[in-house]
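Structural characterization, general
Next come the chains, spelled out residue by residue.
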Amino acid sequence: MGLSNLGIFHTIVGVVALFGAIVGFVRYGKINLGARSGSVYFYATLITSVTALGLSKQGGFNAGHIFSLFILILVVLAYWLYSKKKSNRKARYVENFLLSFSFFLSLVPTINETFTRIPIGQPLAKNIKDPIIGQTLLILFILFVMESIFQFVRQKKINSRAESEII
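Throughout what follows, the structure given in this document is the object of discussion. (Residues numbered from 1 in each chain as written. Predicted model: local features only at pLDDT ≥ 70, side-chain atom pairs only at ≥ 80, totals over all residues. Heavy atoms only, no water.)

**Some remarks on the overall build of the chain**
- When helices and strands are tallied, the chain shows five helices and zero strands.
- If you list the helices and strands of the chain from N to C, you get α-α-α-α-α.
- Overall, the chain is about 65 × 30 × 25 Å in size when its C-alpha atoms are taken along their principal axes.
- Within the span of the chain, comprising 167 residues, buried residues form 40% of the whole.
- In the chain, 63% of the contacts between residues at least 6 apart in sequence involve partners at least 24 apart.
- A total of about 10,200 Å² of accessible surface is found on the chain, and carbon and sulfur atoms cover 69% of it.
- Across the chain, the 17 positively charged side chains and the 6 negatively charged ones have centroids separated by 3 Å. (Helix = DSSP H or I, 4+ residues; strand = E, 2+ residues; numbered from the N terminus. Buried < 20%, exposed > 50% of the residue type's maximum accessible area, 1.4 Å probe, protein only. Contact = heavy atoms within 4.5 Å. Areas by Shrake-Rupley, 256 points an atom, 1.4 Å probe, with all protein chains shown as cover. Lys, Arg positive; Asp, Glu negative; His and termini not counted. Charge placed at Lys NZ, Arg CZ, Asp CG, Glu CD.)

**Overview of the layout of surface pockets**
- What the largest pocket holds in volume is close to 1,100 Å³.
- Lining of the largest pocket is provided by 37 residues; of these, His 10, Leu 55, Pro 109, Thr 110 and Glu 113 occupy positions nearest its centre.
- For the lining of the largest pocket, the secondary-structure elements that each account for two or more residues are α1 (5–28), α2 (36–52), α3 (63–84) and α4 (89–115).
- Here the residues of the lining of the largest pocket sort into 15 nonpolar, 19 polar and three charged.
- Put simply, the second largest pocket is a space of about 160 Å³. (1 Å grid on protein atoms, 1.4 Å probe; cavity = no way out; pocket = protein on both sides within 12 Å on 5 of 7 lines; lining within 4 Å. Points joined across faces, edges and corners; volume = space filled by probe spheres on them. Nonpolar A, V, L, I, M, F, W, Y, C, P; charged D, E, K, R; others polar.)

**Comments concerning a nonpolar patch on the surface**
- A contiguous nonpolar patch, built from Leu 138, Ile 139, Phe 141, Ile 142, Leu 143, Val 145, Met 146, Ile 149, Phe 152 and Val 153 and spanning about 930 Å² of accessible area, is present on the exposed surface.
- Mapped onto the fold, Val 145 is located in helix α5 (residues 131–166). (Patch = residues over 30% accessible without salt bridge, like charges linked within 9 Å, V, L, I, M, F, W, Y side chains within 5 Å. Salt bridge = Lys/Arg side-chain N within 4 Å of Asp/Glu carboxyl O.)

**Some thoughts on the pattern of salt bridges**
- All told, the structure shown has two salt bridges when counted by the stated rule.
- A salt bridge links Arg 92 to Glu 95; the shortest N-O distance between them is 2.7 Å. Note that Arg 92 and Glu 95 are positioned in helix α4 at a spacing of three residues, about one turn of the helix. In this structure, Arg 92 and Glu 95 share a single accessibility class: buried.
- Among the ionic pairs, Arg 117 bridges to Glu 113, the shortest N-O distance being 2.8 Å.

**Overview of unusual backbone geometry**
- That bond from Ile 118 to Pro 119 is cis: its omega, -5°, falls within 30 degrees of zero.
- Its place among the elements puts Pro 119 in the loop between α4 and α5.

**Details of the packing of aromatic side chains**
- The final tally for this structure, using the stated rule, is twelve aromatic pairs.
- Members of the aromatic cluster, connected to one another through ring pairs, are Phe 70, Phe 97, Phe 101, Phe 104, Phe 141 and Phe 144.
- Just above the ring of Tyr 82 sits the side chain of Lys 86; from NZ or CZ to the centre is 3.9 Å. (Phe/Tyr/Trp six-rings, centres within 6.5 Å; stacked < 30°, edge-to-face > 60°. Lys NZ or Arg CZ within 6 Å of the ring centre and 35° of its normal.)

**Notes on the packing of α1 against α2**
- Where α1 meets α2, the closest approach of the two axes is 8 Å, and the angle between their N-to-C directions is 150°. Taken together, α1 and α2 sit at an angle that is classed as roughly antiparallel. As for the relative orientation of α1 and α2, their crossing is left-handed in sense. Where α1 abuts α2, its residues Leu 6, Phe 9, His 10, Val 13, Gly 14, Val 16, Ala 17, Gly 20, Ala 21, Val 23, Gly 24 and Tyr 28 lie against Ser 37, Val 40, Tyr 41, Ala 44, Thr 45, Ile 47, Thr 48, Thr 51 and Ala 52.
- The residue makeup of the contact of α1 with α2, split by class, is 13 nonpolar, eight polar and no charged. (Axes fitted to C-alpha atoms, helices over the stretch in contact; angles between N-to-C directions. Parallel < 35°, antiparallel > 145°, perpendicular 65-115°, else oblique. Left-handed = near helix turned anticlockwise from the far one by under 90°.)

Below is the structure:
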């Protein structure tokens with residue numbers, strides 16, 4: 001596979017981040033920063049995004065680095081909304097979207113790297129332009145849109161309940 005020590009560390013922490021997000025989606029219907037799974041996703045994603053800046057298959061600054069910086073901004077902004085705007089029910093819509101979008105964006109390089117490396121010796125894809133990568137990312141994008149709609153509807157119900165309790 002040809003991974004450096006940093007690449008191995010990055011991969012392990014990245015898998016932990018993805019696991020935290022998936023647990024959150026299953027348990028809460030979202031990445032919940034108030035739960036252990038959400039904290040795992042947040043901190044592991046921070047580490048993964050930062051370590052990605054030290055990796056480069058092509059040499060130099062590239063699109064993967066831009067993805068990492070963007071994901072870093074998304075999760076930090078979501079955390080800021082979570083911690084500083086707790087009483088703002090509308091902020092939950094944005095927080096949920098930012099975390100889900102960061103998860104989707106994390107899957108783009110994950111799919112690219114996984115499909116072009118595994119199984120060893122005969123990877124699923126020859127390069128990132130292979131149709132199987134595009135098709136997989138399209139399916140994941142559709143799931144992201146569906147999950148975002150689900151989260152919006154669910155958050156609207158939560159906000160309505162909270163509003164009716166105040167009245």
